[in-house]
Amino acid sequence: MSQNVRVRFAPSPTGKLHIGGARTAIYNWAFARANGGTFILRIDDTDPTRSTEENTQIILRAMRWLGLDWDEGPEVGGAAGPYAQTERLPLYREAAERLLAEGKAYPCFCTPEELEADRRAAKERKDPFQGYQRRCRNIPADEARARMEAGEPYTIRIKVPEDRGDVVINDAVHGTVTFAAKELDDFVIFRSDGTPTYNFATVVDDAAMGITHVIRGDDHLSNTPRQVMVYEALGAPVPVFAHISMILGTDGKKLSKRHGATSVEEYRDAGYLSDAFVNYLSLLGWSLDGETTIIPRDVLASRFSLDRISKNPATFDPKKLDWMNAEYINAMTNDEFIEKLLLPALVQQGLMDADPAVGVDGAWMDKLAAIVKPRTKLAGDIAGICAPIFATASSLVYDEKSVAKGLAKDGMGTILDAARVALGTLPADEWEAAKIDAALEPLPDALELKKRVVFQAVRVAVCGNLVSPPLGETMELIGRDDCMARIERARTMAL
RNA sequence: GUCCCCAUCGUCUAGCGGUUAGGACAUCGCCCUUUCAAGGCGGUAACACGGGUUCGAGUCCCGUUGGGGGCACCA
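Residues numbered from 1 in each chain as written. Chains lettered and ligands numbered in written order. Predicted model: local features only at pLDDT ≥ 70, side-chain atom pairs only at ≥ 80, totals over all residues. Heavy atoms only, no water.

### A word on the pairing of strand S2 (residues 38–41)
Burial along S2 is two-sided: Thr38 and Ile40 and Phe39 and Leu41, pointing in opposite directions, are all buried. Pairing geometry for strand S1 (residues 6–9) and S2, over four bridges, is parallel. The residue of S2 that forms the bridge with Phe9 is Leu41. What joins S1 to S2 is helix H1 (residues 19–34), and the crossover it makes is right-handed. (Buried < 20%, exposed > 50% of the residue type's maximum accessible area, 1.4 Å probe, protein only. Helix = DSSP H or I, 4+ residues; strand = E, 2+ residues; numbered from the N terminus. Pairing = 2+ DSSP bridges. Right-handed = clockwise from strand over helix to strand, strands pointing away.)

### Points about the domain arrangement of chain A
What the domain assignment reports for chain A is domain 1 (89–244), domain 2 (257–329), domain 3 (332–383) and domain 4 (400–491). On a C-alpha basis, the centroid separation for the pair domain 1 and domain 4 is 77 Å. (Domains from an automatic or database assignment.)

### As for the sheet that holds strand S3 (residues 105–108)
Across the sheet, which stays open at both edges, the three strands sit in the order S3-S4-S7 with antiparallel pairing between neighbours. Pairing within the sheet leaves two strands with one partner each, and these edge strands are S3 and strand S7 (188–190). Taking each pair of neighbouring strands and ignoring which way they run, the sheet shows an average axis angle of 45 degrees. Bridge analysis of strand S4 (residues 155–158) against S7 gives two bridges, and the strand direction is antiparallel. Across the sheet, the residue bridging to Ile156 is Phe190, located in S7. (Axes fitted to C-alpha atoms, helices over the stretch in contact; angles between N-to-C directions.)

### Considering the state of the cysteines
For the structure shown, the criterion picks out zero disulfides. Distance from the sulfur of Cys110, which forms no disulfide, to the nearest cysteine sulfur (Cys136) is 3.6 Å. Left without a disulfide partner, Cys483 is nearest to the cysteine sulfur of Cys463, which lies 8.0 Å away. Owing to a relative accessible area of 0%, Cys483 belongs among the buried residues under this scheme. (Disulfide = S-S within 2.5 Å.)

### With respect to the pattern of salt bridges
Applying the stated criterion across every chain yields a total of 30 salt bridges. Residue Arg6 is joined to Glu72 by a salt bridge in which the shortest nitrogen-to-oxygen separation is 3.0 Å. With Arg6 in strand S1 and Glu72 in the loop between helix H2 (53–66) and helix H3 (89–101), the pair connects residues that are 66 residues apart, well separated along the chain. The class for Glu72 is buried, based on a relative accessible area of 11%. (Salt bridge = Lys/Arg side-chain N within 4 Å of Asp/Glu carboxyl O.)

### Points about the packing of aromatic side chains
Under the counting rule described, the total for this entry stands at 10 aromatic pairs. Aromatic side chains Phe190 and Phe200 sit 6.1 Å apart centroid to centroid with 70 degrees between the ring planes, which places their arrangement in the edge-to-face category. Of this pair, Phe190 sits in strand S7 while Phe200 sits in helix H6 (residues 198–208), placing them 10 residues apart in sequence. As far as the burial class goes, Phe190 and Phe200 line up, both buried. (Phe/Tyr/Trp six-rings, centres within 6.5 Å; stacked < 30°, edge-to-face > 60°.)

### A look at the protein's contact with RNA strand B
The immediate surroundings of RNA strand B are formed by 61 residues, with Ser12, Arg191, Arg375, Arg459 and Ser468 found nearest. Near the protein, meaning within 4 Å, the atoms of RNA strand B are sugar or phosphate in a fraction of 72%, with bases accounting for the rest. Note that a base nitrogen of RNA strand B is positioned 2.6 Å from one of the side-chain N or O atoms of Arg375. Of all elements in the fold, only helix H4 (112–124), S4, strand S6 (175–179), strand S11 (314–315), helix H11 (318–331) and helix H19 (451–463) reach the threshold of two or more residues within the surface near RNA strand B. Of the residues assigned to the surface near RNA strand B, the class counts are 18 nonpolar, 19 polar and 24 charged. (Near = heavy atom within 4 Å. Polar contact = N/O pair within 3.5 Å; in protein donor to acceptor, adjacent residues only side chain to side chain. Nonpolar A, V, L, I, M, F, W, Y, C, P; charged D, E, K, R; others polar.)

### Focus on the side chain of Thr195
Among the secondary structure elements, Thr195 is positioned in the loop between S7 and H6. At 2.7 Å, the side chain of Thr195 forms a polar contact with the side chain of Asp193. Discounting residues that sit within four places of it in the chain, Thr195 has contacts with Ile189 and Phe190. (Contact = heavy atoms within 4.5 Å.)

### Looking at the nonpolar core
Met63, Phe316, Leu342 and Met475 are the most contacted members of the largest nonpolar core, which has 106 residues in total. Looking at this core element by element, the count peaks at nine residues for H1. Among all residues touching Phe316, those that are not within four sequence positions of it are Ile19, Ile247, Leu248, Thr250, Leu255, Tyr267, Tyr280, Leu281, Leu284 and Leu321. With 34 residues, the next largest nonpolar core counts Leu99, Met209, Val230 and Tyr231 among its residues. (Core = buried A, V, L, I, M, F, W, Y, C linked by side-chain atoms within 4.5 Å.)

### A look at the environment of Leu91
In this structure, Leu91 sits in helix H3. By relative accessible area, which is 33% here, Leu91 ends up partly exposed.

### Observations concerning a positive patch on the surface
A contiguous patch of positive charge, built from Lys405, Lys409, Lys450 and Arg452, is present on the exposed surface. Its location among the elements puts Arg452 in helix H19. Its relative accessible area of 62% is what places Arg452 among the exposed residues. (Patch = residues over 30% accessible without salt bridge, like charges linked within 9 Å, V, L, I, M, F, W, Y side chains within 5 Å. Areas by Shrake-Rupley, 256 points an atom, 1.4 Å probe, with all protein chains shown as cover. Lys, Arg positive; Asp, Glu negative; His and termini not counted. Charge placed at Lys NZ, Arg CZ, Asp CG, Glu CD.)

### Re unusual backbone geometry
The phi dihedral of Arg134 falls on the positive side, at around 65 degrees, and the residue is not glycine. Topologically, Arg134 is positioned in the loop between H4 and helix H5 (141–149). Judged by its relative accessible area of 26%, Arg134 falls in the partly exposed class. Of note in the backbone geometry, Glu448 takes a positive phi value of approximately 60 degrees without being a glycine. Structurally, Glu448 can be placed in the loop between helix H18 (443–447) and H19. The class of Glu448 is exposed, set by a relative accessible area of 73%.

### Here we look at the environment of Trp323
Among the secondary structure elements, Trp323 is positioned in helix H11. On the basis of relative accessibility, which here comes to 34%, the residue Trp323 falls in the partly exposed class. Taking the C-alpha atoms as reference points, Trp323 and Lys377, 54 residues apart in sequence, are found 7.2 Å from one another.

Printed below as a string of structure tokens:
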């Protein structure tokens, strides 16, 4: 890539940043980074009725969370600004007037009704060409000017050159795509209300901003020949296109609200790690080598390439995302885990003082992290795992089913009594996992019961649940006195 | 309707004329184990269909079927 790569992500602030948009942003960003290029963020808000400032902020926030830093765009500025289309209106007008003056575009006075009638007629006579019938294309220039000056409403249409042959697009992912010349339409570039249409504004901007590669969704592929017409009329070089396939829901249908979470912020709030999320999304339609699945963002930023983008539409698989998130969590050091996930979760649950300096025993915290980390798939799991540990003998919530299955049975009281005695021999300063385990270890034989039954009973007594992290570790963290008190309390539930 | 795109395990994909069709998620089994995780080992599972081209086709060509997208004074 010898030229200076300039790419852009240009979302419309008509909604939140969704998964598909996020992936497009990631690809653009990664491509720029891998080629020492410039990544531009532009807000395509030419549709004032659906665009909102609030959505723009949501998108910027999502981009920051994803860690996709832009070199030019809102808040950082740049030489090619401004970076919101509503602030570039004069540029579009200027460009349209130039095309008008050069005879590369013309005013169209057709009313919506006339156009609709033409469309219907074309459909009825099964005309292979269903586009604009070019009624106004040959109105003499002076007549057109007179009607415009008289205040007659008009749109501006691009004039597809008579001799323009087929439009051949060389797409970086699809290869050569040909659109027949007869399909080309004199489409509207300026509305009668004086605003530019998307296909025009985008090209004017991309040309003005020197965009070299347009990486965007497949849904724009059919628009591309139209846009090529604009580039040519403008006399601007046509960029390289890379059309990436859509992301589908688990049912193979286009991703929508009914597939559950579709916006980036929902994933952020659900407790996914930005790194894992970006890694997962980058692999939806791209591969490094077909083998590697864990791809840290710095590798993505150095190894991303257009030629390894897949043509297939991809189905979003939440299960794999979950796995990847757990993978990233597990790869964290204990300290990282404590700082980024454990502490914040505990503080949020009110289990810990907001001031991290208060009441945190480093060694204790490290042991907690060691048992919580491998059990955490999502940040949201932490509170549930920690709850029994942070409870007290009186506040601990006993799970009904667990009590019924593991505690409220004949002979269980005997187990608790034996456990209390065994643990009672352990001095407070020797209350550690290995010694707790050792103290409990002879019980099954002594009581002539299965290991499982014995430990189940103690587990439910101490943790309130049949499921918990390893007993010894857990009991060490809970502390001697509280464990004894819990067993005491549980004794009343056992028979 | 018309134009364009797409087609390998359930899912994401590797493959770029000769492979026991590879990896990952999911799933199943085993090991570890006092429960749950984590980890280790192993299994099930795919070239949509039909024609060509070729000594040889998952790979190239055509068609069919099936999905998706565009065809607006929406982006």
